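So the chains spell out like this:
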Amino acid sequence: MSRKKEETQGLKHNKKDFSEWYNELVQKAGLAEYAPVAGCMVIKPYGYAMWENIQAWFDMKIKATGHKNAYFPLFIPERFLKKEAKHFEGFMPEVAWVVEETEKGKERFALRPTSETIIYDSYSRWIRSWRDLPLLLNQWCNIVRWEQTATRLFLRTREFLWQEGHTAHTTEKEAEKEARMILDMYKELLETQLAIPVLAGEKTSKERFAGALRTYTLEALMPDGRALQMGTTHNLGQNFSKPFNIKFLDRDEKNRYVWQTSWGFSTRLIGALVMVHGDDKGLVLPPKLAPIQIVIIPIFTNKTRKQVLKEALKLKKELEKFLVELDDRKYTPGWKFNEWEMKGVPLRIEIGPKDIKKKQAVLVRRDNGIKKTIKQSKLEREVSKQLDDIQKSLLTKAKKFLTGSTVDAKNLAGLEKAINNKKMARTGWCGSQECEDSIQDKTAATIRLIPFKEKPKGKCMVCGSRAKHVVYVAKQY
Ligand SMILES: [Zn+2]
C-alpha cells in the first residue's frame, strides 16, 4: 500500500460518531482546513466552488427582483454601532476591534460583525425622496465574530463569508413583504438546490436579531438532532432609520423615516450540506450544486490504455453540457472510485475494453450505489434523467428524516425525552419569557421558531396555561 493510498483511502469515523466524522470528512473531501490563525478556516477550491454555485443561483434571483450588489468598508466606527442600543449590546461581546491613535485621541473600529450601521450611514445621504425608494442592495463579503467557542469548519469560525441584503421602503407593509419574499427565496435555494428541507417561521423576541422588529428564520435538522439556522430575514421597522436619520420626502410633501429589512445566509450552508447528505464513504452532493457532476473512470491495462482513453475522451465530449471530468491519472480504478466517492460526485461512468466493444458504459450512482449498463447512444439522456432523480431523492430522504425526527411534546418531561432522543419537539407555548427560559434551563434546547401556519391547540408545555403559539424546540448549532 502506497503512502498516498493510506492518506486518502476512506474515513476512519462512521457517521454515527457524528462530530469526528464531520471534521474528518470536511478535510478529506478537500472542502476546507484549519488555518494557522485560531478560529479561522481555509476554504479550498472544491469547497469554494460549492459556495460559488450557491452565490450564482442567489445572485441571479435577487437581480431578477431588482436588487443590486455594492460593497462597504470592513471597518465600522464604534459610534455607528452605538447608535442603535440593542444592536450594539447584541454584538458587543463578539466584536474584534482595530484601534487607531491620533493626536485627537483613540478611535475604535469594529471589524464588521454585520453591516447595518455603516450601510445605513450611506443610506441617510442617498435617500431623499419617495422616488429613491425602494432601495434594494446586497453585499457579498466576509464577517468577523470573535467567538471564544470551539472552532468547527463552516459551522463556527471567527471569519466567514456571507451575503447581506439591506433594503429601505416607504411603508411598513412593503418592508414586511420584502422580508417574507426573501425568506421564500432562501427556502427555494435550500430545497431545490441544496436538497435540504426547512421549517419556516418567526423567532421569539429572545432569539430575534439585535435591533429587529421581527426576525424570520429557516431551520434545518441535522442528523445529530440539532437544528441549524440556515438563513434569516429581519423586518427592522424604523429601529435603524430613526437613529441614522434616514428620511424621505413622501408624496404628500411630508418627511418620513424609511422602513427597512436586512437578511443573510453564510458559508454555514456548506456545513449543512455535508451533514445532511454525507455518509460513511464521504460527501453525497446534490447534482445542482456539485462542482463536478460526472466523473469518467477509464479502466485499462498498459496494452489497452490508448484505445480506452480515446473512447473515454469521446464520451466526455458527448457529455460536455454537464460538469464532467475524465480522471486519466495513473492510479488504480479502485483508488479513484474511493476518492470520487469521498468527494461526493453524483455519477460515475466506468468504461473499459469490453464496454467499448459492446458500445456501452457503466453508470454508478453515488447516493445509492446502483449500477446500470447503458448503451452509449442513450448515455446523455440517461445521465440527465439520473441527475434529476438524485436531486429529487436526496430531498425526499432528507424530508423523511425531518418528519421522522419531529415529535409532539405535551410537557417538560416529554420535551426532555425528545431532546435526549435527538429529536426536535413540536409543542405549545404561552408566549412568556419565563417559560421560554425554563425550557432552556431544563433541556439546553431553545425555541427555534414559531411556524407561520400552524394554529396552537392545547397548553403551554411549561406552565400549563393556554398555548398562544405552536413552537419547535431543539438544540442548536
Ligand atoms: Zn407558559
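Residues numbered from 1 in each chain as written. Predicted model: local features only at pLDDT ≥ 70, side-chain atom pairs only at ≥ 80, totals over all residues. Heavy atoms only, no water.

1. Some words on helix α12 (residues 379-404)
Note on helix geometry: an α-helix contains 3.6 residues per turn, so any two residues three or four positions apart are oriented the same way. If you check α12, its first and last C-alpha atoms are 36 Å apart, about what 26 residues at 1.5 Å a residue would give, namely 38 Å. By the burial criterion, the buried members of α12 are L379, E382, V383, Q386, L387, I390, Q391, L394, L395, A398 and L402. (Helix = DSSP H or I, 4+ residues; strand = E, 2+ residues; numbered from the N terminus. Expected span 1.5 Å × (residues − 1). Buried < 20%, exposed > 50% of the residue type's maximum accessible area, 1.4 Å probe, protein only.)

2. Examining the coordination of the zinc ion
Of the protein atoms, only C430 (SG), C435 (SG), C460 (SG) and C463 (SG) coordinate the zinc ion, at distances of 2.3 to 2.4 Å. One can describe the donor arrangement at the zinc ion as tetrahedral, given that its four donor atoms subtend angles of 106 to 113 degrees at the metal. Mapped onto the sequence, the donors of the zinc ion take the spacing C-x4-C-x24-C-x2-C. Pair noted here: C430 is in the loop between β21 (424-429) and α14 (433-443) and C460 is in the loop between β22 (446-451) and β23 (469-476), with a separation of 30 residues, a long-range link. Residue C430 shares its accessibility class with C460, and that shared class is buried. (Donors = N, O, S within 2.8 Å, 3.2 Å for Na, K, Ca; no water. Tetrahedral: all angles 85-135°; square planar, octahedral: opposite > 155°, others 65-115°.)

3. Here's the deal with the domain arrangement of the chain
By domain assignment, the chain separates into domain 1 (12-277), domain 2 (294-386) and domain 3 (406-476). Taken over C-alpha atoms, the centre of domain 1 sits 27 Å from the centre of domain 3. Taken residue by residue, the interface counts 19 residues in domain 1 and 19 residues in domain 3. A buried area of about 1,700 Å², summed over both sides, lies between domain 1 and domain 3, and 58% of it is on carbon and sulfur atoms. (Domains from an automatic or database assignment. Contact = heavy atoms within 4.5 Å. Buried area = accessible area lost by both parts, 1.4 Å probe.)

4. Here's the deal with the pairing of strand β18 (residues 360-365)
Every other side chain in a regular strand lies on the same face of the sheet, so the side chains alternate between the two faces. Counting buried residues in β18 gives six out of six residues, a clear majority hidden from the surface. Taking every second residue as pointing to the same face, both faces of β18 are buried, with Q360, V362 and V364 on one and A361, L363 and R365 on the other. Across four bridges, the pairing between strand β17 (residues 347-351) and β18 is antiparallel. The residue bridging I349 from the neighbouring strand is L363, located in β18. (Pairing = 2+ DSSP bridges.)

5. Thoughts on empty space enclosed by the protein
Inspection of every chain in the model, using the stated rule, returns one cavity of 30 Å³ or more. Of the voids in this model, the largest cavity is the one considered here, and its volume is about 40 Å³. Taken together, G39, E147, T149, A150, T151, R156, T157 and R158 make up the lining of the largest cavity. Partitioning the lining of the largest cavity into residue classes produces one nonpolar, four polar and three charged. (1 Å grid on protein atoms, 1.4 Å probe; cavity = no way out; pocket = protein on both sides within 12 Å on 5 of 7 lines; lining within 4 Å. Points joined across faces, edges and corners; volume = space filled by probe spheres on them. Nonpolar A, V, L, I, M, F, W, Y, C, P; charged D, E, K, R; others polar.)

6. A word on the packing of aromatic side chains
Scanning the entire structure with this criterion turns up 18 aromatic pairs. With a centroid separation of 3.7 Å and 25 degrees between ring planes, the pair formed by Y331 and W335 is classed as stacked. Classification of Y331 by relative accessible area gives partly exposed; the value is 31%. Here the aromatic cluster, defined as three or more aromatic residues joined through ring pairs, consists of W51, F58, W140, Y186, W263 and F265. The cationic tip of R158 hangs over the ring face of W146; the distance from NZ or CZ to the ring centre is 4.2 Å. Its end group placed over the ring of W130, R251 keeps NZ or CZ at 4.1 Å from the ring centre. (Phe/Tyr/Trp six-rings, centres within 6.5 Å; stacked < 30°, edge-to-face > 60°. Lys NZ or Arg CZ within 6 Å of the ring centre and 35° of its normal.)

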